Amino acid sequence: MNGDKKTVFSGVQPSGNLTIGNYLGAIKNFSRFSEEYKTFYCVVDMHAITVRQVPAELRRRTYETLALYMACGLDEKKNTLFVQSHVPAHAELGWILDCYTMFGELSRMTQFKDKSAKNAQNINAGLFTYPTLMAADILLYQTDLVPVGIDQKQHLELARDIAMRFNQIYSDTFTVPEGYIPTDTMKIMSLAAPTQKMSKSDENANAVVYILDSKDDMIRKFKKAVTDSEAEVRYAPGKDGVNNLMTIYHAFTGKTFEEIEREFAGKGYGDFKLAVGEACADGLAPVRAEYERLIADKAFLESVMKNGAEEATYYARKTMSKVRRKIGFVN
Ligand code: TYM
């Protein structure tokens, strides 16, 4: 809680072009909290450097991610929009919470195991303690609710455990956060390998639909999407490719699975894939248009970042002074 409002926090890494998985699993939901909650949406650049980044690209993507937040409906006057590295309290609390997080807990994180396998040359300590920094992001603002995709559930549970552990040792300090995970779009799958999550770091460009892809690119990618040999548009176990396309179509049109099955009864996958591509491209057209307008105005984006960081710092300071006092740091 902050004042009389409950608090929402979420973050996205500027580590690649954002995908429709990021959009449907997380960003699309952010704006629904703007009125009733105190909302903090952060571009988590410090998390991004756990994997090696090209500096100029990281900088560019930080602007892009902020512009996309706004293009997806986040008004800078109603939401605190900021860049993680602009608020040093994230690093400060991250370190402190490292000392209340067990090696064994971090070793069990599936994302750490996956990322270590993918980055065998660079299994750095930051990759290992990544979830503690994420806990710091969340706990710093006394967050009640964290809108994320299902892949972040394990990290969120760790943040809850850390908060409860700290509260138990030092009396109530942190709000224990809850996740807000959408039931229908919590895990959008790769178009090329539909048993795997769609990921912005996928090397196969056909596997991933980016929010800013052109309409032609989107349609081309959906046309190539892996399905099955059954040629029946039906939501069923084992039909991972079709289930994923139906989920995406449902998300952009609001149609139920039954309605979708009826719409494509007796038709092949070709018609269906084209319809999914068009619905996705049309649904995102306003986001792309608004993004183009925003990204052209760097000075404005910088003013949003600056104001956001000041606002975030104000709230972060309150938590930090409590934490410092409780653990025995001299003021
Ligand atoms: P990141 O940058 O990988 O993803 C941003 C958000 O998009 C969601 N997401 C998906 N949802 C559905 N289907 C998919 N295929 C898909 N891919 C990604 C993610 O669940 C996430 O909500 N650790 C976080 C960033 C972070 C954070 C935080 C989030 C840092 N600190 C504090 C919340 C609160 C991450 O890597 O997200």
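What counts, and where the lines are drawn
- Residues numbered from 1 in each chain as written.
- Predicted model: local features only at pLDDT ≥ 70, side-chain atom pairs only at ≥ 80, totals over all residues.
- Heavy atoms only, no water.
- Domains from an automatic or database assignment.
- Contact = heavy atoms within 4.5 Å.
- Buried area = accessible area lost by both parts, 1.4 Å probe.
- Salt bridge = Lys/Arg side-chain N within 4 Å of Asp/Glu carboxyl O.
- Polar contact = N/O pair within 3.5 Å; in protein donor to acceptor, adjacent residues only side chain to side chain.
- Helix = DSSP H or I, 4+ residues; strand = E, 2+ residues; numbered from the N terminus.
- Nonpolar A, V, L, I, M, F, W, Y, C, P; charged D, E, K, R; others polar.
- Buried < 20%, exposed > 50% of the residue type's maximum accessible area, 1.4 Å probe, protein only.

(A) Summary view of the domain arrangement of the protein. Taken domain by domain, the protein comprises domain 1 (6-185 + 298-327) and domain 2 (205-291). Computed over C-alpha atoms only, the centres of domain 1 and domain 2 are separated by 30 Å. Each partner contributes residues to the interface: domain 1 has 14 residues there, and domain 2 has 16 residues. Across the domain 1/domain 2 interface, buried area totals approximately 1,300 Å², and carbon plus sulfur atoms make up 78% of it. At the boundary of domain 1 with domain 2, the tally comes to zero salt bridges. At the boundary of domain 1 and domain 2, one finds three residue pairs in polar contact (both at pLDDT 80 or more). Taken together, the elements giving at least two residues each to the side of domain 1 that touches domain 2 come down to helix H1 (20-30) and helix H3 (55-71). Its residues assigned to classes, the side of domain 1 that touches domain 2 comprises eight nonpolar, three polar and three charged.

(B) Representation of the pattern of salt bridges. All chains considered together, the criterion is met by 20 salt bridges. Put simply, Asp 151 and Lys 197 hold a salt bridge, and the shortest N to O gap is 2.9 Å. You can see Asp 151 sitting in the loop between strand S4 (145-147) and helix H8 (153-170) and its partner Lys 197 sitting in the loop between strand S5 (178-180) and helix H9 (215-223), a full 46 residues away along the chain. For Asp 151, a relative accessible area of 30% translates into the label partly exposed. One salt bridge connects Asp 228 with Lys 239, and the closest N-O pair in it is separated by 3.2 Å.

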